[in-house]
Amino acid sequence: MTVCADCGVSYFPARLRCHRCGGYQFLDQAVYTARVSGVVPVHRVPEDCPWHCLVELQTEAGVTVMAVAQVPPTLHSLVPITQQADGAVFIPSH
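Residues numbered from 1 in each chain as written. Predicted model: local features only at pLDDT ≥ 70, side-chain atom pairs only at ≥ 80, totals over all residues. Heavy atoms only, no water.

Colleague: What is the right way to look at the sheet that holds strand β2 (residues 10–11) in this model?
Modeller: Working definition: the strands of a sheet are paired by backbone hydrogen bonds and lie parallel or antiparallel to each other. One open sheet accounts for 3 strands, arranged β2-β1-β3; its pairing is antiparallel. Taken across any chain shown, the strands that pair with only one partner, and hence form the sheet edges, are β2 and β3 (26–28). In this sheet, β2 lies alongside strand β1 (residues 2–4) in antiparallel orientation, the contact comprising 2 bridges. Bridge assignment links V3 to a residue of β2, and that residue is S10. (Pairing = 2+ DSSP bridges. Helix = DSSP H or I, 4+ residues; strand = E, 2+ residues; numbered from the N terminus.)

Colleague: Teacher, can you tell me more about unusual backbone geometry here?
Modeller: Residue F12 is joined to P13 through a cis peptide bond whose omega torsion reads 0 degrees. Tracing the backbone shows P13 in the loop between β2 and β3. Although it is not a glycine, H76 sits at a positive phi angle of roughly 70 degrees. Considering the arrangement of structural elements, one finds H76 in the loop between β6 (64–69) and β7 (78–80).

Colleague: Help me understand the side chain of T2 in this model?
Modeller: By the secondary structure assignment, T2 is in strand β1. Residue class for T2 comes out buried when judged on its relative accessible area of 8%. Those residues in contact with T2 that lie beyond four places of it in its chain are V9, S10, Y11, A14, R15, F26, L27 and D28. (Buried < 20%, exposed > 50% of the residue type's maximum accessible area, 1.4 Å probe, protein only. Contact = heavy atoms within 4.5 Å.)

Colleague: What is the right way to look at the environment of I81 in this model?
Modeller: Here I81 shows up in the loop between β7 and β8 (82–83). For I81 and C53, which are 28 residues apart along the polypeptide, the C-alpha to C-alpha distance reads 14 Å. Among residues more than four places away in sequence, those in contact with I81 are V31, Y32, T33, A34, L57, V89, F90, I91 and P92.

So, to be careful, I would describe these as geometric facts and stop short of saying anything about function.
Rendered as structure tokens:
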């Protein structure tokens, strides 16, 4: 996640310009947990794909993030999240 250095608004994915103040300077902010606000099972999963759910998450900063999970997490639970180098967000299996 990135945070505008001028006004403090959070973004994910990163932006080139802040929509609130027009600023161009951003700071990286790591996010390790988020609250589950929605879960949707994926009905047609490719054979070699381990991810069976799309999960809508809310970060503490109020940013909505979409992630994938192997098993459906409990609604409103706080879950750990990780991000791959390609930008994909997922909930690691236990």
